[in-house]
Amino acid sequence: MELRWLESFVIVAEELHFARAADRLHLAPSALSAQVRALESHLGVRLIDRGRRTRPALTSAGRLFLEEARLTLAQAARAEAVGRRAGRGELGHAEIAYVASAAFSGVLTDVLTRCAALDTHLTVQVRELETPAQLEALSCGDVDVGFLRWRPEYPAGVATTCLLTEEVVLALPDGAPLAAYEAVPAAELRHEQFVAPHFAEEYGCRDQILEVADQGGFSPRCAPPVRDFIAALTLVGGGLAVALVPDSLRRVRVPGVAYRPLADVPLTTRLVGAYRRGETSPAVRGVIRRLRESAADAPAVDRPHA
């Protein structure tokens, strides 16, 4: 049974006039009549009485069938709309992972806002995940898009887009003498203990500490590494260490923590969006497009001091 047969039958039933129904369908009356007959033959029942001197009329079977035909056509139209919207990435599901520090940069929320602004019915699941676990999950398909700190290399099949480049600042106890500086010279950190996320998870933290120590002329003392920047700030607030953190973490109001720029060591860090090369899901490709739009609109170095 063809949908065009149903459409022809419904229009004839509405008009009860083959010529007018044919005009609505842009068909010749003979072609329209042939389609209705084909439907009746398929069903094995007459749906329309065709009087020579009277207008066509629905049979009892035709009246019953009319409602079902309308429902079938409506469902087919909905199915077509869903298929087209899914093809445009407006429907579907995407799994997004992020490192804790990315949640405070504003980039993740900007990408999600861009997705929502398209009036889509895209379902997005977000979860915090450490960088190595993100890259593994991307590779095996458990995660579709990741927000993580830059690394020098990535697994085969994973592509990245730089979303944000920001200044690295010093987080220190707000009651420490160093808090009196507007910008802290590297040499003043010679007696401090540094804390950073696990070096295997946050590439570059150890190198940044070594660069500060080299500029200040000392060998750094490092506390045992912690899980993420939030854990590092907790130790800083307790007066146990200082930390080099992305400038966006100024938004994190941890009691006892102050933030100061470095006076003589210009350090930056990058937040990247990661995804699979050759992604086939239209929904995920839609998120990736929004991610790239966000990257294109971002300033080269973001310094959100609010």
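To be clear, the structure that these remarks concern was listed above.
What this report covers is the structure whose coordinates are included nearby. (Residues numbered from 1 in each chain as written. Predicted model: local features only at pLDDT ≥ 70, side-chain atom pairs only at ≥ 80, totals over all residues. Heavy atoms only, no water.)

We now examine the packing of helix H1 (residues 3-15) against helix H3 (residues 29-43). Axis angle and axis distance: for two packed helices, these are the angle between their axes and the distance between the axes, and together they describe the pair. Contact pair H1 / H3: the axes reach a minimum separation of 9 Å and the direction vectors enclose 110°. Viewed along their axes, H1 and H3 adopt a mutual orientation that is roughly perpendicular. In this structure, H1 crosses over H3, and the sense of that crossing is left-handed. Here H1 contributes Arg4, Trp5, Leu6, Ser8, Phe9 and Val12 to the contact with H3, which in turn contributes Leu32, Gln35, Val36, Ala38, Leu39 and His42. For the contact of H1 with H3, the per-class residue count stands at 8 nonpolar, 3 polar and 1 charged. (Axes fitted to C-alpha atoms, helices over the stretch in contact; angles between N-to-C directions. Helix = DSSP H or I, 4+ residues; strand = E, 2+ residues; numbered from the N terminus. Parallel < 35°, antiparallel > 145°, perpendicular 65-115°, else oblique. Left-handed = near helix turned anticlockwise from the far one by under 90°. Contact = heavy atoms within 4.5 Å. Nonpolar A, V, L, I, M, F, W, Y, C, P; charged D, E, K, R; others polar.)

Another aspect to go through is the environment of Ala97. With respect to the helices and strands, the residue Ala97 is situated in strand S3 (residues 91-98). Distance from Ala97 to Glu7, taken between C-alpha atoms, is 47 Å for residues 90 residues apart in sequence. If we skip the residues at most four places from it in the chain, Ala97 touches Arg127, Leu129, Gln134, Val143, Val145, Gly146 and Phe147.

With that out of the way, let us pick up helix H5 (residues 107-116). Residues three or four positions apart in an α-helix share a direction because the helix packs 3.6 residues into each turn. Regarding H5, the residues found buried are Val107, Leu108, Val111 and Cys115. Seen end-on, H5 carries its buried residues on one side only, within an arc spanning 110°. Seen from the buried face of H5, the exposed residues on the opposite side, beyond 90 degrees, are Thr113 and Ala116. (Buried < 20%, exposed > 50% of the residue type's maximum accessible area, 1.4 Å probe, protein only. Arc of directions from axis to C-beta.)

Glancing now at unusual backbone geometry. Look at Leu16: it is not a glycine, yet its phi comes out positive at around 50°. In this structure, Leu16 sits in the loop between H1 and helix H2 (18-25).

Moving on, we get to the pattern of salt bridges. The full count for this structure, using the stated rule, is 17 salt bridges. A salt bridge links Asp110 to Arg114, with the shortest nitrogen-to-oxygen separation between them at 2.8 Å. Of this pair, Asp110 and Arg114 both sit in helix H5, 4 residues apart, which is roughly one turn of the helix. Ionic pairing is found between Asp144 and Arg276, a salt bridge with its closest N-O pair at 2.8 Å. Of the two residues, Asp144 is situated in the loop between helix H6 (131-140) and strand S5 (145-149) and Arg276 in strand S11 (residues 268-276); the sequence distance between them amounts to 132 residues. Both residues of the pair, Asp144 and Arg276, count as buried. Among the charged side chains, a network of salt bridges with common partners joins Glu14, Glu15, Arg20, Arg24 and Arg70. (Salt bridge = Lys/Arg side-chain N within 4 Å of Asp/Glu carboxyl O.)

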